[in-house]
2 protein chains.
Amino acid sequence: MITKHVLILGGGFAGLECAKRLRSETIRVTLVDRWNHHLFQPLLYQVASGALAMTEIAQPLRSILADQKNVTTIMGDVVHIDLPAKQVKLKDRVIGYDFLVIALGAKTSYFGHNEWSQHTLGLKSLDDAMAIRKKVLLAFEKAESTLDSAETEKLLTMVVVGGGPTGVEMAGSLAELSRVVLKEDFRHIDPTQARVYLIEAGPKLLPVFPGGLPDYTRDRLKTMGVTVQLNCPVKEVGEGYVIAGDQRIESEIIIWGAGVEASEVTRTLAGIPLDRGGRIEVRPDLSLPGYPEVFAAGDIAALTDKNGVKVPGVSPAAIQMGAFIAHSIQNERIDGARPAFGYWDKGSMATIGRSAAVVSFAGIQMRGFIAWLMWLFVHLVFLMNMRNRVSVFLHWAWSYFTWQRGARVIQSSRDP
Amino acid sequence: MITKHVLILGGGFAGLECAKRLRSETIRVTLVDRWNHHLFQPLLYQVASGALAMTEIAQPLRSILADQKNVTTIMGDVVHIDLPAKQVKLKDRVIGYDFLVIALGAKTSYFGHNEWSQHTLGLKSLDDAMAIRKKVLLAFEKAESTLDSAETEKLLTMVVVGGGPTGVEMAGSLAELSRVVLKEDFRHIDPTQARVYLIEAGPKLLPVFPGGLPDYTRDRLKTMGVTVQLNCPVKEVGEGYVIAGDQRIESEIIIWGAGVEASEVTRTLAGIPLDRGGRIEVRPDLSLPGYPEVFAAGDIAALTDKNGVKVPGVSPAAIQMGAFIAHSIQNERIDGARPAFGYWDKGSMATIGRSAAVVSFAGIQMRGFIAWLMWLFVHLVFLMNMRNRVSVFLHWAWSYFTWQRGARVIQSSRDP
């Protein structure tokens, strides 16, 4: 029996789904990820704002795949992909393959201003989320100790850049943290005086949502105490400040949720066309031009699908791509003909805060409490395969009724 | 109305209990801690071995004390205590007091070999526990990747120094991690081949436990796969090895649970008698000789109580001392006469592993499953005031039936 070796780079939604589906006895799978865990990224902002513990949205890849004996998991950093030689170079070894699935995801993009990264906080990994949590909680601690009112004001100013779902969810969550959760905890400062800015370069929040949902989101955030600034592109970021539009805001906490670009490994792929964000321009079957044995999936792939839809960088798309590739590999036909990928749009949803969300699905728009319940339900179902679902549900139920947050622990007192 | 200012240094069991009890309207309390949270230290080893998430055993001091409006919490490091001037110097400010309660706890002691600290892992703070977790999980990851069998053996060797409750619980937990939890997760290495050493200088484990409990503990740990070495004092610790007795053990993971000494701040107390471990030799009322307005409580205090019992460094003693001091301050008599502290021994318990613990209480000895159930019950009751109790209970129940551990996430892939 001939065994084929499938090498999957990345254990995110695309890579993990692909690995899970490759259950054929004739296929041996190696899954490489730089972390030891799969991360449920849509809830990362809740870790950043202390609503969930990091273990509730992350699970070791090894334990997810423990029963699937044809899969080997390796923790390692991908350094270089040599397509003609069919080899992938990790830091400490080289791995060959028969099929390669590149699913390394995206990283925070600063639109050519990489120097801004040192003054801002991204939100892509658990490390990022824990760094935000620590910086925010320490800012309140420092403000409680300082007697300088300008310093206090600066400490209690938080800026979120980017009006997409990440920015909206993060800003809403920070507003609730300061205005409700921490309200009674301090004696010298009034946490409700904290300012949360949400800054967006374009004319509206959540631009992919239809109808009145962007305006509803803006109004709702304003009610929650967020200062929403539209048509306000960031011009400069430095140590302790950001200049957006004509305004200079003094803040140590500048959270960057404005954009993503593909993992830099794509730049090492000689001769493969990339889009402006460094994403691989895949063929309709998700393979790379000239390399039918190599696929790309998830945020690292750029594709307009067979129905003319530009596939968005969201987790349902990544999961669908991962499953599609696994199917192609397992059903490889002798004539090499493969079907084209079609994205099934399951709609979009974003939560703004307690009892408020927006949902858009198949032409239907929803907002408010019902949308929020839908958001809750969908996220719990998606966490289904993780045992953490029960824990998350209890955490949320407890937070809903008590307005408390359980994960407000600063791990290290040393300054970042 | 005259208000007295009570300054409490340390938010551990002693300091927090004291703060909670000082509810008089004529008393203003300031609680200083270097962390922002109270830590349930008896379960710290479970965080280290990935059984519990760090937020399940830690809770922000601010939220515990949010409703007690006479208490101000400050996050800060104590640098110096000036008893004659009635002032405490923090890094960034000076605080005066009418009453002072020193409850700064203990730190890991290397018995004069402080240079060993850089090669070993302590277990006193959340940072310590997270460092152990990361190092242990990364060792398995590295072992899975390496082809060098000597390197594999070294990576899969873990050494716990100290046969007290911390060492026993840690060693048992590591043995279960490798022999059961991780059993199915790897393809190249066999986690059950990992070696866990428990090294004790004296002739038995858990020396404070009576009768056959120390021998039972040793036998049980051996059954679980722990290599127990008694009468085996550590002679040298270096980068990647430990020499204990006549044996040299190659290991990157050397966990130090052998002893504690008082926080170094006690050395700044001019003219106050300290014992060999740097603990303050308090008077029978827990005050400092010559300073009736200053008290010490918890692991930082050394006392033989009114019944001739040497008060041990355990959490029930710390809680009793904190409560006793609060009572003394609130009921201060004009003639200055105060009662003497008496320790109420609630017994000792330690868990060895799944379904196995030892309990000693009022002359009764218990072991095995019933003792383990008692251990579970007592620890859940003690966590009662934290909301985390439900979460911990579910976590344990889930782990008991599935043998899985939820907190096996490595936060950062970069090497320590």
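Note that the structure is a prediction, hence the values are computed from the model and not measured.

### What about the overall build of chain A?
When its secondary structure is counted, chain A shows 10 helices and 25 strands. For chain A, whose C-alpha radius of gyration is 22 Å, the value lies close to the compact-globule estimate of 22 Å for 416 residues. Its C-alpha atoms give chain A principal-axis dimensions of roughly 75 × 45 × 40 Å. Counting the 416 residues in chain A, one finds 58% classified as buried. A sequence separation of at least 24 residues applies to 64% of the contacts in chain A between residues at least 6 apart. As presented, chain A carries roughly 17,100 Å² of accessible surface, and 53% of it is formed by carbon and sulfur atoms. Taking the average place of the 45 positive charges on the side chains of chain A and the average place of its 42 negative ones, the gap between the two points comes to 4 Å.

### Observations regarding the side chain of A:Arg338
Residues and elements named next belong to chain A. The topology assignment puts Arg 338 in the loop between helix H8 (315-330) and strand S23 (348-353). Here the side chain of Arg 338 touches Asp 285 through a polar contact of 3.1 Å, side chain to side chain. Only 2.7 Å separates the side chain of Arg 338 from the backbone oxygen of Pro 292, close enough to count as a polar contact. Discounting residues that sit within four places of it in the chain, Arg 338 has contacts with Phe 99, Asp 285, Ser 287, Pro 292, Phe 295, Ser 328 and Glu 332.

### With respect to the pairing of strand S5 (residues 71-75) of chain A
The buried count for S5(A) comes to 5 of 5 residues, which makes it a mostly enclosed element. In S5(A), alternate side chains face the same way, and those of A:Val71, A:Thr73 and A:Met75 on one face and A:Thr72 and A:Ile74 on the other are all buried.

### Thoughts on helix H7 (residues 213-223) of chain A
Residues and elements named next belong to chain A. Of the positions making up H7, those classed as buried are Leu 213, Pro 214, Tyr 216, Thr 217 and Leu 221. Buried residues of H7 fall within an arc of 160° about the axis and therefore sit on the same side. Positive phi shows up at Gly 225, right after H7, with a value of about 100°.

### Quick word on the nonpolar core
Counting residues in each nonpolar core, the largest one holds 232 residues, and the members touching the most others are A:Leu288 and B:Leu288. When neighbours within four sequence positions are excluded, B:Leu288 is seen to be in contact with B:Leu83, B:Ile102, B:Leu269, B:Ile272, B:Ile280, B:Val282, B:Arg283, B:Val294, B:Phe295 and B:Ala296.

### Digging into the sheet that holds strand S7 (residues 87-90) of chain B
All names here are of chain B. With respect to topology, 3 strands assemble into an open sheet ordered S6-S7-S8, the strand pairing being antiparallel. Looking along the sheet, the strands with just one partner apiece sit at the ends: strand S6 (78-82) and strand S8 (94-96). Taking the axes of each pair of neighbouring strands and ignoring which way they run, one obtains an average angle of 20° across the sheet. In this sheet, S7 lies alongside S6 in antiparallel orientation, the contact comprising 4 bridges. Bridge pairing in S7 places Asp 82 opposite Gln 87.

### Side note on the pattern of salt bridges
Residues and elements named next belong to chain A. Applying the stated criterion across every chain yields a total of 30 salt bridges over all chains. The residue Arg 21 makes a salt bridge to Glu 17 at a minimum N-O spacing of 2.9 Å. Of this pair, Arg 21 and Glu 17 both sit in helix H1 (residues 13-21), 4 residues apart, roughly one helical turn. The class of Arg 21 is partly exposed, set by a relative accessible area of 45%. Look at Glu 17 and you get buried, because its relative accessible area is 15%. Arg 218 is the salt-bridge partner of Asp 219, the closest N and O atoms lying 3.1 Å from each other. Asp 219 sits in the partly exposed class, given a relative accessible area of 39%. Residues joined in a network through salt bridges with shared partners are Lys 154, Arg 248, Glu 250 and Glu 252.

### Quick word on unusual backbone geometry
Notably, A:Lys86 is not glycine yet its phi reads approximately 55°, a positive angle. Owing to a relative accessible area of 34%, A:Lys86 belongs among the partly exposed residues under this scheme. Its identity as a non-glycine residue notwithstanding, B:Asn231 has a phi of 50°, on the positive side. Following the sequence through the fold, B:Asn231 ends up in the loop between strand S13 (226-229) and strand S14 (234-238).

### Considering the pairing of strand S16 (residues 247-250) of chain A
Residues and elements named next belong to chain A. Sheet analysis places strand S15 (residues 241-244) next to S16, joined by 4 bridges and oriented antiparallel. Within S16, the position partnered with Tyr 241 by the bridge is Glu 250. Following S15, the chain reverses through 2 residues before pairing antiparallel with S16; Gly 245 in that reversal takes a positive phi of roughly 60°.

### A short note on the packing of aromatic side chains
A full pass over the atoms with the stated rule returns 12 aromatic pairs over all chains. The structure contains a cluster of three or more aromatic residues connected by ring pairs, namely A:Tyr110, A:Trp116 and A:Trp256. Its end group placed over the ring of B:Tyr241, B:Arg248 keeps NZ or CZ at 4.0 Å from the ring centre.

### Overview of the packing of H1(A) against H8(A)
All names here are of chain A. Relative to each other, H1 and H8 sit at 35°, their axes nearing to 7 Å. At the point where H1 passes H8, the crossing takes the right-handed sense. Side by side, H1 and H8 meet where Phe 13, Ala 14, Glu 17, Cys 18 and Arg 21 of the first sit next to Ser 315, Ala 318, Ile 319, Gly 322, Ala 323, Ile 325, Ala 326 and Gln 330 of the second.

### Examining a nonpolar patch on the surface
All names here are of chain B. Together, Phe 369, Ile 370, Leu 373 and Met 374 make up a nonpolar patch on the protein surface, roughly 340 Å² of accessible area in all. Along the chain, Leu 373 falls in helix H9 (residues 368-382). The partly exposed category is assigned to Leu 373, whose relative accessible area is 38%.

### Considering the sheet that holds strand S25 (residues 364-367) of chain A
All names here are of chain A. On the basis of which strands lie adjacent, the open sheet formed by 3 strands has the order S23-S24-S25 and antiparallel pairing. Every other strand in the sheet has two partners, leaving S23 and S25 as the edge strands with one partner each. Put simply, the sheet's adjacent strands are angled 5° from each other on average, direction ignored. Sheet topology note: the strand S24 (residues 356-361)/S25 ladder contains 4 bridges and is antiparallel. Bridge pairing links Ser 360 to Gln 365 in S25. Set on the sheet, helix H9 (residues 368-382) makes contact with S23, S24 and S25; between it and S24 the angle comes to about 75°.

### Description of the side chain of A:Asn70
All names here are of chain A. Within the secondary structure layout, Asn 70 lies in the loop between helix H3 (61-64) and S5. Look at Asn 70 and you get buried, because its relative accessible area is 18%. What Asn 70 contacts, discounting residues up to four positions off in sequence, is Leu 22, Arg 23, Ser 24, Ile 27, Arg 28 and Val 29.

### Regarding the environment of B:Ala318
All names here are of chain B. Assignment of secondary structure puts Ala 318 in helix H8 (residues 315-330). Along the primary structure Ala 318 and Tyr 343 are separated by 25 residues, whereas in three dimensions their C-alpha atoms are 9.7 Å apart. Setting aside residues up to four positions removed in sequence, Ala 318 forms contacts with Phe 13, Ala 14 and Gly 298.

### Points about the environment of A:Tyr197
Mapped onto the secondary structure, A:Tyr197 falls in strand S12 (residues 195-199). The contacts of A:Tyr197, once residues within four sequence positions are left out, are A:Thr157, A:Met158, A:Val159, A:Val160, A:Thr227, A:Gln229, A:Gln247 and A:Ile249.

### Description of the confidence of the model for chain A
All names here are of chain A. For chain A, per-residue confidence averages 89 on the pLDDT scale, and 92% of positions sit at 70 or higher. The least confident element of chain A is helix H10 (residues 388-402), whose mean pLDDT is 60; the most confident is strand S9 (residues 99-102), at 98. Across the interface, the model reports ipTM at 0.80; the global pTM reads 0.85.

### Some points on the environment of B:Ile189
All names here are of chain B. On the secondary structure map, Ile 189 appears in the loop between helix H6 (165-181) and strand S12 (195-199). The buried category is assigned to Ile 189, whose relative accessible area is 11%. Expressed as a C-alpha distance, the spacing of Ile 189 and Glu 144, which sit 45 residues apart in the sequence, is 5.6 Å.

About the cut-offs
- Residues numbered from 1 in each chain as written.
- Chains lettered and ligands numbered in written order.
- Predicted model: local features only at pLDDT ≥ 70, side-chain atom pairs only at ≥ 80, totals over all residues.
- Heavy atoms only, no water.
- Helix = DSSP H or I, 4+ residues; strand = E, 2+ residues; numbered from the N terminus.
- Rg over C-alpha atoms; globule rule 2.2 N^0.38 Å.
- Buried < 20%, exposed > 50% of the residue type's maximum accessible area, 1.4 Å probe, protein only.
- Contact = heavy atoms within 4.5 Å.
- Areas by Shrake-Rupley, 256 points an atom, 1.4 Å probe, with all protein chains shown as cover.
- Lys, Arg positive; Asp, Glu negative; His and termini not counted.
- Charge placed at Lys NZ, Arg CZ, Asp CG, Glu CD.
- Polar contact = N/O pair within 3.5 Å; in protein donor to acceptor, adjacent residues only side chain to side chain.
- Arc of directions from axis to C-beta.
- Core = buried A, V, L, I, M, F, W, Y, C linked by side-chain atoms within 4.5 Å.
- Pairing = 2+ DSSP bridges.
- Axes fitted to C-alpha atoms, helices over the stretch in contact; angles between N-to-C directions.
- Salt bridge = Lys/Arg side-chain N within 4 Å of Asp/Glu carboxyl O.
- Phe/Tyr/Trp six-rings, centres within 6.5 Å; stacked < 30°, edge-to-face > 60°.
- Lys NZ or Arg CZ within 6 Å of the ring centre and 35° of its normal.
- Left-handed = near helix turned anticlockwise from the far one by under 90°.
- Patch = residues over 30% accessible without salt bridge, like charges linked within 9 Å, V, L, I, M, F, W, Y side chains within 5 Å.
- pLDDT = per-residue confidence, 0-100.

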